[in-house]
Protein chains: 2
Amino acid sequence: MDSLRRRLQTFSAIPEEAWEKFSTFSGVEVREFEKGEIIVRAGDPAEVIFIVHEGWARRYRMIGDGRRQITNFMLRGDVFDLQALSSLKADHFVQAATPLTASVFSSRDFLTLIRRSGDIAASFWWAAVQEESILREQIVRIGRRTAEERIAHLLLELRRRLRAAGSEEESIDLRLTRTDLADTLGLTPVHVSRTMSRLRKEGLISEEKGYIHIENLNTLQKLAGFDANYLHLPMALSGKDDQVPALENGADNAAP
Amino acid sequence: MDSLRRRLQTFSAIPEEAWEKFSTFSGVEVREFEKGEIIVRAGDPAEVIFIVHEGWARRYRMIGDGRRQITNFMLRGDVFDLQALSSLKADHFVQAATPLTASVFSSRDFLTLIRRSGDIAASFWWAAVQEESILREQIVRIGRRTAEERIAHLLLELRRRLRAAGSEEESIDLRLTRTDLADTLGLTPVHVSRTMSRLRKEGLISEEKGYIHIENLNTLQKLAGFDANYLHLPMALSGKDDQVPALENGADNAAP
DNA sequence: CGCAGCCTTGATCGTTCTCAACTAAGGTGG
DNA sequence: CCACCTTAGTTGAGAACGATCAAGGCTGCG
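This is a predicted model, so every value here is computed, not measured.

Basis of the calculations
- Residues numbered from 1 in each chain as written.
- Chains lettered and ligands numbered in written order.
- Predicted model: local features only at pLDDT ≥ 70, side-chain atom pairs only at ≥ 80, totals over all residues.
- Heavy atoms only, no water.
- Least-squares fit on C-alpha atoms with pLDDT ≥ 70 in both.
- Contact = heavy atoms within 4.5 Å.
- Near = heavy atom within 4 Å.
- Polar contact = N/O pair within 3.5 Å; in protein donor to acceptor, adjacent residues only side chain to side chain.
- Helix = DSSP H or I, 4+ residues; strand = E, 2+ residues; numbered from the N terminus.
- Expected span 1.5 Å × (residues − 1).
- Buried < 20%, exposed > 50% of the residue type's maximum accessible area, 1.4 Å probe, protein only.
- Buried area = accessible area lost by both parts, 1.4 Å probe.
- Salt bridge = Lys/Arg side-chain N within 4 Å of Asp/Glu carboxyl O.
- Nonpolar A, V, L, I, M, F, W, Y, C, P; charged D, E, K, R; others polar.
- Pairing = 2+ DSSP bridges.
- Phe/Tyr/Trp six-rings, centres within 6.5 Å; stacked < 30°, edge-to-face > 60°.
- Lys NZ or Arg CZ within 6 Å of the ring centre and 35° of its normal.

## A word on the relation of the copies chain B and chain A
Here two copies of a chain appear, and what relates them is a rotation about an axis with a shift along it.
Inference 1: When chain B is fitted to chain A, the best match, at an RMSD of 0.0 Å, comes from turning it 180° and sliding it 0.0 Å along the axis. When the rotation and shift are considered jointly, the pair of chain copies conforms to a two-fold rotation axis. Residue I139 of chain B of chain B places its C-alpha closer to the rotation axis than any other residue of that unit, at 2.7 Å.
Inference 2: A share of 100% of the interface residues of chain B reappears at the interface of chain A, consistent with the copies meeting face to face through the same patch.

Rendered as structure tokens:
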């Protein structure tokens with residue numbers, strides 16, 4: 001449960017006592033999913049809540065004639081389908097993007113758990129708020145950024161989130177296909193390929209066996225207009241190379 | 001508080017007793033905002049929660065060189081800035097799109113209130129989940145739909161939400177400028193104008209003094225690929241003309 | 001009446017898409 | 001161990017959707 005705890009703690013310290021209740025809770029079941037396995041299916045009742053231990057998942061929706069839109073990725077430490085707390089039907093799919101290990105709670109047990117500790121409840125509120133913020137940023141990304149900016153911005157977000165989840169590596173273990181990136185960013189795989197080639201030629205990123213390395217963080221951040229504030233991560237978690245240019249806090253934030 | 005109650009009740013009945021606590025809560029203050037007034041400013045600490053009584057608000061984010069992206073609209077009955085519960089800094093603006101009346105709670109008072117009633121708390125969870133779902137749909141809209149589909153889809157969503165909030169009217173009181181629509185849908189005002197002209201010529205919508213009337217609901221829904229499920233509104237609230245074609249539940253929902 | 005803001009329409013431009021062919025890498029079976 | 005197959009990435013050429021630039025019209029308001 002370390003990744004979860006680390007994650008929840010970033011908002012506010014969880015008292016040892018509350019944590020005990022949580023981690024010894026009998027309803028927890030750890031499950032493994034294969035790469036590509038569908039974890040949540042649109043139309044099925046949402047009745048369980050997942051916490052990612054290891055691996056990646058993607059949430060997406062299909063619309064007519066095969067178009068797919070990935071709305072977001074769930075990484076190590078992420079909680080998902082909090083939606084199940086309202087016992088609705090899932091309106092999207094969740095699929096393991098890599099082999100995935102996750103804790104699974106029934107939403108009923110989860111609610112019981114939350115009632116027992118206001119601290120835990122607050123942590124989950126925070127998780128929900130953070131996810132909303134990530135979704136909003138995704139809207140801005142695909143609504144108002146160019147292809148190059150979109151790709152750079154998404155890479156920076158994923159890098160940031162992976163590091164917040166404890167990754168020490170400099171490279172992003174980004175075994176996402178061009179099609180995944182395209183379906184996330186509202187582009188075509190062909191154009192993603194072209195644009196990433198350009199980023200490579202410009203010396204901003206490099207790739208090796210599905211790992212992406214950011215070669216020039218500063219320039220990439222400027223290019224993307226990346227400001228990590230929306231992730232609401234405490235400073236302690238960001239590396240010292242992550243100084244965020246206050247790009248979008250000056251003239252940008254003026255009311256129109 | 002009727003609009004709020006109606007809204008919250010759509011998820012689960014709130015016991016009279018719990019409602020009493022809520023509506024007589026002394027911390028509530030009703031405030032009025034002028035059209036165009038900034039209600040929440042990016043960078044300011046988020047410390048209050050709003051419930052819309054009357055009017056519209058828009059939430060948006062500014063990025064470099066004046067680009068604006070509206071992430072969503074808050075209508076009658078909507079609760080916003082639940083984010084304040086985690087006492088973070090706002091990462092976006094909220095602005096009154098029309099003259100606006102809203103109840104304002106301090107987030108602290110709000111938390112107290114929520115602790116007193118699990119029913120009320122559950123209702124707010126539901127509100128948060130619904131908002132997330134709306135955000136995800138917005139991502140799909142701008143990521144994978146054409147300009148025509150985007151406009152049609154947004155109009156249908158707004159109509160649906162207005163009706164769920166109690167509007168009896170057939171027309172949508174949509175005093176949004178083309179620029180607003182453009183900034184919501186990731187388009188330019190010019191292209192929105194052109195596309196809406198086309199929808200008018202095709203007899204799908206008509207406009208009069210900022211009111212938009214949907215002339216051919218069925219065709220528009222098909223065109224937009226609109227499936228209201230994501231709004232998670234109980235059927236009781238939808239008019240009988242709102243039969244939703246199960247467009248996106250057949251082949252569409254197959255895993256790729 | 002005149003200004004300001006918004007909408008509309010036309011002409012042209014450009015980013016991104018589509019279609020298509022080729023390459024590279026990995027897996028499988030003979 | 002190599003031939004074959006599949007899947008993903010790359011690159012080119014041309015098309016299309018939406019952007020940009022620009023001019024003119026309508027409406028409301030001081």
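## Examining the protein's contact with DNA strand D
Inference 1: Around DNA strand D, the structure places 15 residues, and the nearest of them are R178, S193 and R200 of chain A together with A147 and T188 of chain B.
Inference 2: At the protein interface, 65% of the atoms of DNA strand D within 4 Å belong to sugar or phosphate.
Inference 3: Here a phosphate oxygen of DNA strand D sits 2.7 Å away from a polar atom, N or O, in the side chain of R200 of chain A.
Inference 4: In the environment of DNA strand D, a phosphate oxygen lies 2.9 Å from a nitrogen or oxygen atom belonging to the backbone of A147 of chain B.

## Brief notes about helix α7 (residues 189–201) of chain B
Residues and elements named next belong to chain B.
Inference 1: Taking 1.5 Å of rise per residue, 13 residues should cover 18 Å, and α7 covers 18 Å from first to last C-alpha, within 8% of that figure.
Inference 2: By the burial criterion, the buried members of α7 are V192, T195, M196, S197 and L199.
Inference 3: Tucked inside the fold, the buried residues of α7 contact α5 (147–164), α6 (178–185), β10 (205–208), β11 (211–214) and α8 (217–224).
Inference 4: In the segment just after α7, G203 is the residue with positive phi, at about 75°.

## Let's talk about the interface of chain B and chain A
Inference 1: With 56 residues of chain B at the interface, the matching set in chain A holds 56 residues.
Inference 2: A buried area of about 5,200 Å², summed over both sides, lies between chain B and chain A, and 60% of it is on carbon and sulfur atoms.
Inference 3: Of all residues in chain B, W125, R136 and R144 of chain B bury the most surface against chain A, accounting for 17% of the area lost on that side.
Inference 4: Joining chain B to chain A, the criterion identifies 8 salt bridges.
Inference 5: Note that R136 of chain B is salt-bridged to D91 of chain A, the shortest N-O span being 3.7 Å.
Inference 6: Summed over the shared surface of chain B and chain A, the number is 16 residue pairs in polar contact (both at pLDDT 80 or more).
Inference 7: Residue assignment for the side of chain B that touches chain A shows that the elements contributing at least two residues are β4 (57–63), β5 (67–74), α4 (118–144) and α6 of chain B.
Inference 8: For the side of chain B that touches chain A, a count of residues per class yields 26 nonpolar, 13 polar and 17 charged.

## Here's the deal with the pairing of β10 of chain B
Residues and elements named next belong to chain B.
Inference 1: As paired elements, β10 and β11 share 4 bridges and run antiparallel to each other. Within β11, the residue paired with I205 across the bridge is I214.
Inference 2: In textbook terms, the turn of a hairpin is the stretch between consecutive antiparallel strands, and for β10 and β11 this stretch comprises 2 residues, one of which, K209, has a positive phi near 50°.

## Points about the packing of aromatic side chains
Two descriptors summarise a pair of aromatic rings, namely the distance from one centre to the other and the angle between the planes of the rings.
Inference 1: In the structure shown here, the tally under the stated rule is 11 aromatic pairs over all chains.
Inference 2: Ring geometry for W56 of chain A versus F73 of chain A: centroids 5.7 Å apart, planes at 70°, classification edge-to-face. With W56 of chain A in the loop between β3 (48–54) and β4 (57–63) and F73 of chain A in strand β5 (residues 67–74), the pair connects residues that are 17 residues apart, well separated along the chain.
Inference 3: Geometrically, the ring pair formed by F50 of chain B and F80 of chain B is stacked, given 4.8 Å between the ring centres and 10° between the ring planes. A residue pair is termed long-range when its members are at least 10 positions apart, and F50 of chain B in strand β3 (residues 48–54) and F80 of chain B in strand β6 (residues 79–80) qualify at 30 residues.
Inference 4: Taking relative accessible area as the criterion, F50 of chain B reaches 3% and is therefore assigned buried.
Inference 5: Clustering of aromatic rings is evident, with ring pairs tying together F33, F50 and F80 of chain A.
Inference 6: Over the ring of Y60 of chain A we find R68 of chain A, and its NZ or CZ is 5.4 Å from the ring centre.

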